[in-house]
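# Coordinates in review
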Amino acid sequence: MGTLTLRWLVVLLGASALAQNPESNEELVARVRRGGWIEAESKHQRGDDGALQRWYFADTGAGPGLGRFVPLVPLTPDRHPFDNLGALGLLAVVCHGPGDLLAMTDPGFHFQALGGADDEASLRQLVVLPFDGDGALGQAALLDRQLAVATLLRRGGRGAVAELTMLAEKGKLPPALGEYTRWLLAQRGEGAAVGRRRLDPKTLLLPVAFDACVVVDHARLPDVSFLAGLARRTGILVTTRAIEMAGGTISDAMRNGAQFMADQAAEAPFELARKYGNVRLDQSCVIINAKADSRRPVDVTWQAAGEIAAEGWQRADLAKVLGRPFASGVVTFAAEQLVMSTLDKPGLVREAKATELLADTGAALRVVVPGNSKLLAMVGFLGLPPAKDVELRVTFGDPATIEFVVGVRDEDAAAQWVAKGKELLAQLLEQLDTAPGYVQEVPAWGELVAAIGKAEFVAKEVQAVGRVTVPGFTTAKFVTLVQALSHGF
């Protein structure tokens, strides 16, 4: 998962003569798996710049009494958290679902670290609590309240929604908080996407040829605000597994370091929004070009429309932070659009092709692979007729659907693709049956496998179509499944 860098795993699992805590690894593992954390208690405070700080002593190897408060999520020219967030933590930063970057913060961790709580009563009280809106601390206090509003509306308690609606409509909230609340209220309702922006085919940059195009309508994604909290929890479970395998006893300093690294994922969205400004993504287009280079096998260009605090993000100098892939590429932010590419020339405006790629299909996620793609060449060993193109469409809701459409030359070719699809499905189901017991024990796993087993493959003239329908696969089920899978990391 990448939650801990190699050097931290070495420190964490190495023998230590400084172990002050008598709790054995076996006892620690049992406590964590009951819902606890590696460091039983962590101390926090808010710094003068508004950043959340943690009492830290892991780098000295000394005891808790010799620590000091440091930023939990370091954002300085030479230090950024991206290497420590893990896959889920990074996903939380770039994939906001129907919300925004700020709302991806883990509210339970954030508010408890500040001495509060994230229950409905506490959050409602925080929203109306007066605060000084000036300076860095005032900006952080505003973000606290915006996060509280986003959390309350996401949970949908009737009393909270009614109260926030009244406060917003009657102008009882500070201007910035009121505006944010009114916008979130406007997004409520089935299929609502008020004020969402879309990429413009007249400005989208495309290369002459590409190997895959991924288009995401973020407003149609499910609520993924759980990702940061899941990244934190998964990071702890992965580390706990390593502790269990190591045996012995680890020091307080090691516990402090392990917890510090994992907790960064929970707070990173808030800290990025505080430092550089909030971001709301409405539609993204990611162009992928494969190449014969083991050091960098693909070039990626990501373009997105939305609402962006462009000045702050431009100041972040992400090209330098992200290193080699983007150092020679393009990283630009505008008020309503961003462009990030590993290429110095991402392409030109090709309006006709862009219009085709950005067409509204109703899908939340659409992947287009053209017939000349190097990715299709990689499945040549299957001996199938050439494909003119392959498209994947994913919709969320109840039921969620995954649909593959392969364009081919004639009906016979479509029939061959359908036959191969059924054959590969049977092989996949055999592999799924060998999943570890701790995964198969999760009810959501059985439901998912059952849905995959009912996949349909049909030939429609010059198309082969495969469709998987997944009913009732809720966010809670997804979270439990990912947590179970994390035990094997």
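Placed above this text is the structure.
Report follows, based on the coordinates. What you are looking at is a predicted structure, and each value in this text was computed from that prediction instead of being measured.

To continue, consider the nonpolar core. In this structure, V127, L272, W313, F333 and L338 are the most contacted members of the largest nonpolar core, which totals 93 residues. Considering each element in turn, this core owes the most residues, nine residues, to helix 10 (residues 252–276). Not counting residues up to four positions away in its chain, the partners in contact with W313 are L101, L272, Y276, G277, N278, V279, I308, L318 and F333. Grouped together as the second largest cluster of nonpolar side chains are 15 residues, V439, A444, V449 and A455 included.

A word on the side chain of E271. With respect to the helices, strands and loops of the structure, E271 is situated in helix 10. A distance of 2.6 Å separates a polar atom in the side chain of E271 from a polar atom in the side chain of R274. With sequence-adjacent residues up to four places away left out, E271 is seen in contact with A51, L52, V73 and L75.

The next point concerns the environment of L428. For L428, the location among the structural elements is in helix 16 (residues 411–432). Spatially, the C-alpha atoms of L428 and L129 are 54 Å apart, while their sequence positions differ by 299 residues.

The next point concerns the packing of aromatic side chains. Applying the stated criterion across every chain, the model contains five aromatic pairs. With centroids separated by 5.0 Å and ring planes inclined at 70°, the aromatic side chains of W55 and F69 adopt a geometry described as edge-to-face. One end of the pair, W55, is in strand 2 (residues 52–56); the other, F69, is in strand 3 (residues 68–71), with 14 residues separating them in the sequence. Look at W55 and you get buried, because its relative accessible area is 17%. With a relative accessible area of 28%, F69 lands in the partly exposed category. On the basis of an interplanar angle of 35° and a centroid distance of 5.9 Å, the ring pair of W313 and F333 is categorised as tilted. In this pair, W313 sits in helix 11 (residues 310–315) while F333 sits in strand 8 (residues 330–334), placing the two residues 20 residues apart along the sequence. Here W313 matches F333 in class, with each residue buried. Ring pairing ties together the aromatic residues Y276, W313 and F333, which thus form one cluster. Over the face of the ring belonging to W37 we find R232, whose NZ or CZ atom lies 3.7 Å from the ring centre. The ring of W37 has R233 lying over it, and the distance from NZ or CZ to the ring centre is 4.7 Å.

What counts, and where the lines are drawn
- Residues numbered from 1 in each chain as written.
- Predicted model: local features only at pLDDT ≥ 70, side-chain atom pairs only at ≥ 80, totals over all residues.
- Heavy atoms only, no water.
- Core = buried A, V, L, I, M, F, W, Y, C linked by side-chain atoms within 4.5 Å.
- Buried < 20%, exposed > 50% of the residue type's maximum accessible area, 1.4 Å probe, protein only.
- Helix = DSSP H or I, 4+ residues; strand = E, 2+ residues; numbered from the N terminus.
- Contact = heavy atoms within 4.5 Å.
- Polar contact = N/O pair within 3.5 Å; in protein donor to acceptor, adjacent residues only side chain to side chain.
- Phe/Tyr/Trp six-rings, centres within 6.5 Å; stacked < 30°, edge-to-face > 60°.
- Lys NZ or Arg CZ within 6 Å of the ring centre and 35° of its normal.

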